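# Observations on the model geometry
Given next are the chains, with one letter for each unit.
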Amino acid sequence: METFEFIDTSLSEGVALIELSRPNQYNSLNRKMVREIVEAMESFDRNEQVRVILLTGKGRAFSSGADIDEMASDDAVRLELLNQFADWDRLAFIKKPIIGAVKGFVFGGGFELALCCDMLIASEGTEFSFPEVNLGVMPGAGGTQRLTKIVGRTKALEWLWTGKRIPAELALDSGLINRIVSSELLMEESMKMAVQIASQPPLSVRLIKDSVHKAVDYSLYEGMQYERKNFYLLFASEDQKEGMSAFVEKRKPQFKGR
C-alpha cells in the first residue's frame, strides 16, 4: 500500500480507511494533503478488494480547514494558474460509497471535504462551520453549493454569512449528518456501518449512489428515467441472479461485484 506524507491508509473487511494525519495542526488541509486524499480515494475506487471508503481525522479534530499560512500571500492570478480546486473536483467522480467519521472541528475546507462524503457520522461535541467570511473570502471547493442542496437556501445563507458554529445536534436536525455517537464509539460505529454496506452487492451500491446523486440535479421525471436504466442494467449482473436465487432458496447470497 502506498505511503503518503499527510494521510495514513489501511484496508480491512472491504473497507479502506483514510486518516488525515496532521493532528498538531488540527488536520488543516494544505494542497499536497488534498492531492494525497484524492489520489488515495481514486486508488481505492479502482481496487476490487475495496467496497467502501471511510474517511476520518487523527487527533481531536476532523479538520480545522485550509492551511491559511499556505494561502495568505496568494493572489487571483496565482490561484488561477495553480487551478486551486482541480483536485477537489475529482472527488465527485468517486463511485464507491464514502463515509465520513467526523469529530471536533469540521471547519472551512474540512467542512467542504466532509460534504464530499455520502454519509456522515459525528461524535458528540462536533462543530461545523464555514468561517471564510471572517477572513474576507468564501468557500471555493463546493461549500456554498453542496451545503445549499442539503440544508436549503435560507439556512445555508445564515451559516455562510455569519460563520457561526453549528453543533452536531443542529446538523443532525438539518439533514447534514446521519447520526451522532459518543466519542468513544465513533470509529466502532462508523466501521460497523461501512462493513454493513461493504457486504451489499457492489454494483447495486454503486448505481444507487449514482442515481441518488443525479436526483439532486435532475427533475423528478428525468431522475426516474435515469433510475430505471440503472435498474435494468443490474439485471445483466451475476449478483442479481445470485441475490434472487438465494432469496428463493432461503440462503445467504454471495455477492462478487459482477
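The structure under discussion appears in the preceding block.
Since the model is a prediction, treat every value here as computed from it, not as a measurement.

### What to know about the overall build of the protein chain
The secondary structure content of the protein chain amounts to twelve helices and nine strands. Whereas a compact globule of 258 residues would reach a radius of gyration of roughly 18 Å, the protein chain reaches 19 Å, a difference of no more than 12%. On the principal axes, the C-alpha backbone points of the protein chain span a range of 65 × 40 × 40 Å. For the protein chain, with 258 residues in total, the buried portion stands at 43%. Taking the intrachain contacts of the protein chain between residues at least 6 apart in sequence as the baseline, contacts between residues at least 24 apart amount to 67%. Taken as a whole, the protein chain presents about 14200 Å² of accessible surface, with 54% of it coming from carbon and sulfur.

### What about the nonpolar core?
If you look at the biggest cluster of nonpolar residues, it comprises 45 residues, and the most contacted ones within it are Leu-20, Met-41, Leu-113, Phe-128, Leu-147 and Leu-176. In this structure, Val-181, Leu-186, Met-193 and Ala-198 belong to the second largest nonpolar core, which totals 15 residues.

### With respect to the sheet that holds strand β7 (residues 127-129)
Here we have three strands laid out as an open sheet, ordered β5-β7-β8, and mixed in their pairing. The sheet is open, and its two borders are formed by β5 (105-107) and β8 (166-167), each paired with just one other strand. Relative to β7, β5 runs parallel, the two being bridged by three bridges. Each bridged residue has a counterpart across the sheet, and for Phe-107 the counterpart in β7 is Ser-129.

### Structural notes on unusual backbone geometry
Backbone geometry places Tyr-26, a non-glycine residue, at a positive phi of 50 degrees. Take Tyr-26: it is sitting in the loop between β2 (15-20) and α1 (31-46).

### Some remarks on a nonpolar patch on the surface
There is a patch of nonpolar side chains on the surface, built from Phe-231, Tyr-232, Phe-235 and Met-244 and spanning about 450 Å² of accessible area. Structurally, the position occupied by Tyr-232 is in helix α11 (residues 220-234).

### Things to note about the packing of helix α10 (residues 202-217) against α11
Running from amino to carboxyl end, α10 crosses α11 at an angle of 170 degrees, the nearest separation of the two axes being 9 Å. Classified by the angle their axes make, α10 and α11 are roughly antiparallel. Between α10 and α11, the residues in contact are Leu-203, Ser-204, Leu-207, Asp-210, Ser-211 and Lys-214 and Tyr-226, Glu-227, Asn-230, Leu-233 and Leu-234, respectively. Among the residues forming the contact of α10 with α11, the class breakdown is five nonpolar, three polar and three charged.

### With respect to the packing of helix α6 (residues 143-151) against helix α7 (residues 153-162)
Direction vectors running N to C along α6 and α7 enclose 135 degrees, while the axes themselves pass 7 Å from each other. Classed by the angle they form, the pair α6 and α7 counts as oblique. The crossing of α6 and α7 is right-handed. Contact residues: Thr-144, Leu-147, Thr-148 and Val-151 in α6; Arg-153, Lys-155, Ala-156, Trp-159 and Leu-160 in α7. For the contact of α6 with α7, a count of residues per class yields five nonpolar, two polar and two charged.

About the thresholds
Residues numbered from 1 in each chain as written. Predicted model: local features only at pLDDT ≥ 70, side-chain atom pairs only at ≥ 80, totals over all residues. Heavy atoms only, no water. Helix = DSSP H or I, 4+ residues; strand = E, 2+ residues; numbered from the N terminus. Rg over C-alpha atoms; globule rule 2.2 N^0.38 Å. Buried < 20%, exposed > 50% of the residue type's maximum accessible area, 1.4 Å probe, protein only. Contact = heavy atoms within 4.5 Å. Areas by Shrake-Rupley, 256 points an atom, 1.4 Å probe, with all protein chains shown as cover. Core = buried A, V, L, I, M, F, W, Y, C linked by side-chain atoms within 4.5 Å. Pairing = 2+ DSSP bridges. Patch = residues over 30% accessible without salt bridge, like charges linked within 9 Å, V, L, I, M, F, W, Y side chains within 5 Å. Salt bridge = Lys/Arg side-chain N within 4 Å of Asp/Glu carboxyl O. Axes fitted to C-alpha atoms, helices over the stretch in contact; angles between N-to-C directions. Parallel < 35°, antiparallel > 145°, perpendicular 65-115°, else oblique. Nonpolar A, V, L, I, M, F, W, Y, C, P; charged D, E, K, R; others polar. Left-handed = near helix turned anticlockwise from the far one by under 90°.

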